[in-house]
Amino acid sequence: MRILIVRVSSLGDVVHNMPVLADIHRHYPDAIIDWVVEESYVGLVRLNKHVNEVIPFALRRWKKNIFSSSVRKEFSLFLNQLRSRSYDYVFDTQGLIKTGLVMGFANTTKKGKKIGLAHKTDGSGYEPLSRIFHDKSISVEKHIHVVQRGREIVAQALGYTVDTPPDFGLTVPDGHPDWLPSEPYAVFFHGTSRDSKKWPRQNWIEIGQLLEKSGLGILLPWGSVQEFDEATSLAASLPNAKVLPRLSIMDAALLTGKASFVVGVDTGLSHLAAAYDKPTVQIYCNIPRWRTCADWSDNIVSLGGPDEVPTLAEVKTTVETLLSKIQ
């Protein structure tokens, strides 16, 4: 059986779709699974031990110069790679027009099926027009965790039941760059695209001081000029903290996969930490946590919700509880 997964972005969405691969191989050990994903996440998907071939998709970059000859050439090469084999099943668990289009371009075997989501689920960015690319549209509960949603779509199509905790199948990249310490460390994923999702600076400092007492240094990644400034400000108040250089996705996977402890707001990187089953405190500020929280492991605790910002006391207690398990 040859299967194609179409899940192109973003980081959190890609990570949350990974348990689908382990599910398939648990029930169909000989299945060959390929994946179409945005080019920046190709290396990350290759870390999944269940994937065969990863097909890069560069829509984000192509859109910047869509009518250029170079983009047309790249898109033609993408189509050639996508169509170089036929699939028994093509899955789009995202339900967007762009993922539907990729599904539409893919080839299937004579009895092959293109399968996607039948309707919007709570909190999703589903686009109904994506259904025109489906041979079969799968219905799931509307109030459903994003990890479970993808697993249920594929399970219904392939005739098995989802009855195990999610297995993300992620390996840790090799290497030990200069910025990675040899001693145990914690990571603060403090940056996020929306100010409303951020946690107060002073609270981060208090948690940093708590981790310092436990002997953990703190590494501070960043992804924008504003996040760099925020990381620099935190490091100025935390002697045990270090601002990292700008990291690639693979660097971030290495950082996360080797961390001893993680505290993060709702961002793709904190979801990556949960996928690695790292002792993690996920902080949801004024947003629902039920849809993406890591509720499958005792190593991960999610706090907060709509109209709710986790208090310093709550996070402190949670950090202390998780630290007691690893010390």
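Shown above is the structure to which this text applies.
Residues numbered from 1 in each chain as written. Predicted model: local features only at pLDDT ≥ 70, side-chain atom pairs only at ≥ 80, totals over all residues. Heavy atoms only, no water.

Right, let's get into a nonpolar patch on the surface. There is a patch of nonpolar side chains on the surface, built from Ile97, Leu101, Leu129 and Ile132 and spanning about 380 Å² of accessible area. Inspection of the secondary structure assignment puts isoleucine 97 in helix H6 (residues 97-105). (Patch = residues over 30% accessible without salt bridge, like charges linked within 9 Å, V, L, I, M, F, W, Y side chains within 5 Å. Areas by Shrake-Rupley, 256 points an atom, 1.4 Å probe, with all protein chains shown as cover. Salt bridge = Lys/Arg side-chain N within 4 Å of Asp/Glu carboxyl O. Helix = DSSP H or I, 4+ residues; strand = E, 2+ residues; numbered from the N terminus.)

Moving on, we get to the sheet that holds strand E4 (residues 86-92). As summarised here, the arrangement of the six strands in space is E3-E2-E1-E4-E5-E6, forming an open sheet in which the pairing is parallel. Each edge of the sheet is formed by a strand with only one pairing partner; in this case those strands are strand E3 (54-57) and strand E6 (136-138). On average, adjacent strands in this sheet sit at an angle of 20° to one another, irrespective of strand direction. As paired elements, E4 and strand E5 (residues 107-117) share six bridges and run parallel to each other. Its bridge partner being in E5, phenylalanine 91 is matched across the sheet by isoleucine 115. Helix H5 (residues 69-82) contacts strand E1 (2-6), strand E2 (32-38), E3 and E4 of the sheet and is inclined by roughly 155° relative to E3. (Pairing = 2+ DSSP bridges. Axes fitted to C-alpha atoms, helices over the stretch in contact; angles between N-to-C directions. Contact = heavy atoms within 4.5 Å.)

Glancing now at the sheet that holds strand E9 (residues 241-243). One open sheet holds the six strands; their spatial order is E9-E8-E7-E10-E11-E12, and the pairing between them is parallel. The open sheet has two edge strands, E9 and strand E12 (300-305), and neither has a second partner. Taking each pair of neighbouring strands and ignoring which way they run, the sheet shows an average axis angle of 15°. Here strand E8 (residues 217-220) runs beside E9; their pairing, made up of three bridges, is parallel. Counted as the bridge partner of isoleucine 218 is alanine 241 from E9. Helix H8 (residues 201-213) contacts strand E7 (185-189), E8, strand E10 (261-265) and strand E11 (280-285) of the sheet and is inclined by roughly 170° relative to E7. Helix-sheet contacts for helix H12 (residues 312-326) involve E10, E11 and E12, and the interaxial angle to E11 is about 165°.

Bringing the pattern of salt bridges into the picture now. Inspection of the entire model under this criterion finds 12 salt bridges. Between aspartate 23 and arginine 26 there is a salt bridge, and its shortest N-O distance comes to 3.0 Å. With aspartate 23 and arginine 26 both in helix H2 (residues 19-27) and three residues apart, the pair spans about one turn of that helix. Overall, arginine 26 belongs to the partly exposed group, its relative accessible area being 37%. Across the salt bridge formed by arginine 85 and aspartate 34, the nearest N and O atoms sit 3.8 Å from each other. Here the residue arginine 85 occupies a position in the loop between H5 and E4, and aspartate 34 occupies one in strand E2, the gap between them amounting to 51 residues. When its relative accessible area of 27% is taken as the criterion, arginine 85 is described as partly exposed. For aspartate 34, a relative accessible area of 0% puts it in the buried group. Salt bridges linked by common partners bring Arg2, Asp34, Glu53 and Arg85 together as one network. (Buried < 20%, exposed > 50% of the residue type's maximum accessible area, 1.4 Å probe, protein only.)

This part takes up the pairing of E5. Handedness of the β-α-β unit built from E4, H6 and E5 comes out right-handed. Of the strand pairs in this sheet, E5 and E6 are connected by three bridges, and their pairing is parallel. Note that in E6 the partner of isoleucine 115 across the bridge is lysine 136. (Right-handed = clockwise from strand over helix to strand, strands pointing away.)

What follows covers the nonpolar core. Of all hydrophobic cores here, the largest spans 42 residues; its most connected members are Ile24, Trp35 and Leu44. Going through the elements one at a time, E1, helix H1 (11-17), H2, E2, helix H3 (42-46), E5, helix H7 (146-158) and helix H11 (268-275) are the ones with two or more residues in this core. Looking at this core element by element, the count peaks at seven residues for H7. Sequence-distant contacts of isoleucine 24, defined by excluding residues within four places in its chain, comprise Ile3, Ala31, Ile33, Val154, Leu158 and Tyr160. (Core = buried A, V, L, I, M, F, W, Y, C linked by side-chain atoms within 4.5 Å.)

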